[in-house]
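Fold and geometry: a report
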Amino acid sequence: THNVDAKITDEGLAILAERSWPALRCLQVHTNKHITDQGLETLSRMDMPMLEILVLSENPCITDVGIGHIARMRQVTGLNLNATPRLSDTGLKYLSEASQLTWLALDDCDRITDEGVAYLMDMPNLRTLHLGGCENVSPTWAEKYPGIVCMKLHTYDGPGAEKSNAISADIKRMGEEAL
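Quick look at the structure, then. None of these values were measured; they are calculated from a predicted model.

Some points on the overall build of the protein chain
Looking only at helices and strands, the protein chain has seven helices and six strands in total. When the helices and strands of the protein chain are listed from N to C terminus, the series reads α-β-α-β-α-β-α-β-α-β-α-β-α. Each of the 179 residues in the protein chain was classed as buried or not, and the buried ones make up 49%. Long-range contacts, defined as pairs at least 24 residues apart, comprise 71% of the intrachain contacts of the protein chain with a sequence gap of at least 6. Of the roughly 8,900 Å² that the protein chain leaves accessible, carbon and sulfur atoms contribute 51%.

See below:
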């Protein structure tokens, strides 16, 4: 399920990264209205050698510029950017340079198109790409790359789903307003 806004700021993210947590393997800062590209730039410069999985889904203030910073984090092999409303094909072009990525989740990213997805298909280590609910992406990607591209959107309909959907809609609206 989705949490209410986590209220982690760029400053909080910097403190986390500053402490470096050398053994940290997974960092989840999803459903957050306060992390910006500046916070991601700070995170990308920190020494977090064991960080493999980064979850940044539902962060309406993250743009393609921030994605460019994340793409430089060569230790990260799994990245979740689901429902990042300001992510576009430009951000995917930056991500295509992150050759170490093996898993990438982009469900509900409505500004990406087939052009952006094409950048990702040349990534040598990409084994899983989630594109469910991406309104401007052709479903034929799953046919061209079976076993790699997943076009199914896995929605949650259990307890709290109504509140979760309302928060997701609010985050999407915030991203659109910022454009």
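Points about the packing of aromatic side chains
By the definition in use, this model includes one aromatic pair. Here W141 and Y145 contribute two aromatic rings whose centre-to-centre distance is 6.1 Å and whose plane-to-plane angle is 20°, an arrangement assigned as stacked. Just above the ring of W141 sits the side chain of K144; from NZ or CZ to the centre is 4.6 Å.

Comments concerning the side chain of H69
Structurally, H69 is set in helix 3 (residues 64-71). At a separation of 2.4 Å, a polar atom in the side chain of H69 contacts the side chain of R72. Setting aside residues up to four positions removed in sequence, H69 forms contacts with D37, L40, E41 and S44.

Structural notes on the packing of helix 1 (residues 10-18) against helix 2 (residues 37-45)
The contact between helix 1 and helix 2 brings their axes to 9 Å, and the two run at 5°. Judged by the angle between their axes, helix 1 and helix 2 are roughly parallel. In this structure, helix 1 contributes D10, L13, A14 and A17 to the contact, and helix 2 contributes Q38, G39, L40, T42 and L43. Among the residues forming the contact of helix 1 with helix 2, the class breakdown is five nonpolar, three polar and one charged.

A look at the pattern of salt bridges
Summed over all chains, the structure comprises two salt bridges. The partner of R25 in a salt bridge is E52, and the shortest N-O contact between them spans 2.9 Å. Placement of the pair is R25 in the loop between helix 1 and strand 1 (26-28) and E52 in the loop between helix 2 and strand 2 (53-55), with a sequence separation of 27 residues. Overall, R25 belongs to the partly exposed group, its relative accessible area being 44%. Judged by its relative accessible area of 29%, E52 falls in the partly exposed class. Of the charged contacts in the structure, one is a salt bridge between R45 and E41, with a shortest N-O distance of 3.7 Å. Of this pair, R45 and E41 both sit in helix 2, four residues apart, roughly one helical turn.

With respect to the packing of helix 2 against helix 3
Their axes nearest at 8 Å, the elements helix 2 and helix 3 cross at an angle of 10°. Here helix 2 lies roughly parallel to helix 3, going by the angle between them. Counted together, D37, L40, E41, L43 and S44 of helix 2 and V65, G66, H69 and I70 of helix 3 form the full contact between these two elements. For the contact of helix 2 with helix 3, the residue count by class is four nonpolar, three polar and two charged.

Considering the sheet that holds strand 2
The strand order across the open sheet formed by six strands is 1-2-3-4-5-6, and the pairing between neighbours is parallel. For this open sheet the edge positions go to strand 1 and strand 6 (149-150), each flanked by a neighbour on one side alone. In terms of strand pairing, strand 4 (residues 103-105) meets strand 5 (residues 128-130) through three bridges, oriented parallel. Its bridge partner lying in strand 5, A105 is registered against H130.

Cut-offs applied
Residues numbered from 1 in each chain as written. Predicted model: local features only at pLDDT ≥ 70, side-chain atom pairs only at ≥ 80, totals over all residues. Heavy atoms only, no water. Helix = DSSP H or I, 4+ residues; strand = E, 2+ residues; numbered from the N terminus. Buried < 20%, exposed > 50% of the residue type's maximum accessible area, 1.4 Å probe, protein only. Contact = heavy atoms within 4.5 Å. Areas by Shrake-Rupley, 256 points an atom, 1.4 Å probe, with all protein chains shown as cover. Phe/Tyr/Trp six-rings, centres within 6.5 Å; stacked < 30°, edge-to-face > 60°. Lys NZ or Arg CZ within 6 Å of the ring centre and 35° of its normal. Polar contact = N/O pair within 3.5 Å; in protein donor to acceptor, adjacent residues only side chain to side chain. Axes fitted to C-alpha atoms, helices over the stretch in contact; angles between N-to-C directions. Parallel < 35°, antiparallel > 145°, perpendicular 65-115°, else oblique. Nonpolar A, V, L, I, M, F, W, Y, C, P; charged D, E, K, R; others polar. Salt bridge = Lys/Arg side-chain N within 4 Å of Asp/Glu carboxyl O. Pairing = 2+ DSSP bridges.

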